Amino acid sequence: MRRTADPTAGWEIARPPRVALPGVDMAGFRIRGPVGIRAIPHPAVTVGVEFGDRTFDIHGETGRTRAGSLAAGLAFGAFRVRAEGIACVQIRLSPLVAHPVLGLPLSELRGNVIGLDDLWGSDVLRLRERLNQAKSWQERFALIDAELSGRLRAGREVEPEVAWVWRQIIASRGRARVRDLADRTGWSRQRLWSRFGAQIGLTPKRAAMLVRFDRAVHRLVRGHGPAQVAAEGGYADQSHLHHDVRAFTGTTPAAAADEPWLAADDTAWPGAGRGGEHRVDCT
């Protein structure tokens, strides 16, 4: 399933030397030509802050939904981003820190995609202008770092039991049994479902499904065959892998393996799709 050409050839992708904030990662993108990208969910809340003269044009299943900077909850439905000459910083937030950063409970965001200005108001315009005026990617990353630091200090924390369950789901690569996790917290399964859903924005079962899918789809991108990925990824059989890939991407495993959104990950997000290795997953 290895692609024959790099679909991100010609993209400028920048990485910060380090990200000081726990549960936060970011990357910079500059795409000069016209491009259509299928945005695919990841086990993090996604924030895109565009700057310059062009904005994102976002198309969902029912047509164009909005343009401009955005925030997308965990397990958002795959959507298409169309742009020409776009520059942006993409931020990935662990759900353990996303509530204070965004300023709303993740139960309200869930799998939706909303305009960042609906959450941050006029601060988005100010930030975009400063990003556009910055002379380097490192200066832009420092601006984002400062913006997020102020918001994190003012926010509220996820309950320790919920945070522990999320980390166990990540560490197990989505294969932990939710009932066992509930028993180890001392909570009932119903209580865990309620608190986890309110604070993370997904049920524990859906969160595990997302984490398992993320690792699997990145293995497909790296050229592993679907049968091998299914067998080694905790799927009952290959058809269950196909089901999850279609549920999260809206396409087949073969097509998903060639998506630019995923192809950029090894450069933009080192360790993406490899279980607990990616630093945004934990705090």
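What you see is a predicted model; the values in this text were computed from it and never measured.

Caption draft 1: Seen up close, the confidence of the model for the protein. In the predicted model, the protein carries a mean pLDDT of 87, and 90% of its residues have values of at least 70. Mean pLDDT values for the elements of the protein range from 59 in strand β5 (residues 63-67) up to 96 in helix α6 (residues 160-171). In the model, residues 275-279 has pLDDT below 50 throughout and makes 17 contacts with residues more than four positions away in sequence or in other chains.

Caption draft 2: Quick peek at the pairing of strand β3 (residues 45-51). Along β3, seven of the seven residues are buried, which leaves the element largely enclosed by surrounding structure. Taking every second residue as pointing to the same face, both faces of β3 are buried, with Val-45, Val-47, Val-49 and Phe-51 on one and Thr-46, Gly-48 and Glu-50 on the other. Pairing geometry for β3 and strand β7 (residues 79-93), over seven bridges, is antiparallel. Along β7, the bridge assignment pairs Glu-50 with Cys-88. Pairing analysis gives three bridges linking β3 to strand β6 (residues 70-72), with the strands arranged antiparallel.

Caption draft 3: Quick peek at the side chain of Glu-147. Here Glu-147 lies in helix α5 (residues 137-153). In this structure Glu-147 comes out as buried when scored by relative accessible area, which is 11%. Within polar-contact distance, the side chain of Glu-147 engages the side chain of Arg-126 at 2.9 Å.

Caption draft 4: Expanded view of the packing of aromatic side chains. If you walk through the whole model with that rule in mind, you get five aromatic pairs. Each ring, one from Trp-137 and one from Phe-141, has its centre 6.1 Å from the other, and the planes form 25°; the classification is stacked. Pair noted here: Trp-137 and Phe-141 are both in helix α5, with a separation of four residues, about one helical turn. Here Trp-137 falls in the buried class, since its relative accessible area comes to 9%. The cationic tip of Arg-189 hangs over the ring face of Trp-193; the distance from NZ or CZ to the ring centre is 4.3 Å. Lying across the ring of Tyr-235, Arg-212 places its NZ or CZ 5.3 Å from the centre.

Caption draft 5: Looking closely at the pattern of salt bridges. For the structure on display, the rule yields 15 salt bridges. Here Glu-12 ties to Arg-32 by a salt bridge, and the two come within 3.4 Å at their closest N and O atoms. Residue Glu-12 is located in strand β1 (residues 12-14), and its partner Arg-32 is located in strand β2 (residues 24-39); the two are separated by 20 residues in the primary sequence. Taking the relative accessible area as the measure of exposure, Glu-12 reaches 27% and is therefore partly exposed. In this structure Arg-32 comes out as exposed when scored by relative accessible area, which is 55%. Taken together, the shared-partner salt bridges in this structure form one network comprising Asp-123, Arg-126, Glu-147 and Arg-151.

Caption draft 6: Just the side chain of Ser-69, in detail. The residue Ser-69 is located in the loop between β5 and β6 in this model. Accessibility expressed as a relative area gives 6% for Ser-69, which makes it buried. A polar atom in the side chain of Ser-69 sits 3.1 Å from the side chain of Glu-50. With residues near it in sequence (within four places) discarded, Ser-69 still touches Gly-48, Val-49, Glu-50, Phe-56, Ile-114, Gly-115, Leu-116, Val-124 and Arg-128.

How each quantity is defined
- Residues numbered from 1 in each chain as written.
- Predicted model: local features only at pLDDT ≥ 70, side-chain atom pairs only at ≥ 80, totals over all residues.
- Heavy atoms only, no water.
- pLDDT = per-residue confidence, 0-100.
- Helix = DSSP H or I, 4+ residues; strand = E, 2+ residues; numbered from the N terminus.
- Contact = heavy atoms within 4.5 Å.
- Buried < 20%, exposed > 50% of the residue type's maximum accessible area, 1.4 Å probe, protein only.
- Pairing = 2+ DSSP bridges.
- Polar contact = N/O pair within 3.5 Å; in protein donor to acceptor, adjacent residues only side chain to side chain.
- Phe/Tyr/Trp six-rings, centres within 6.5 Å; stacked < 30°, edge-to-face > 60°.
- Lys NZ or Arg CZ within 6 Å of the ring centre and 35° of its normal.
- Salt bridge = Lys/Arg side-chain N within 4 Å of Asp/Glu carboxyl O.

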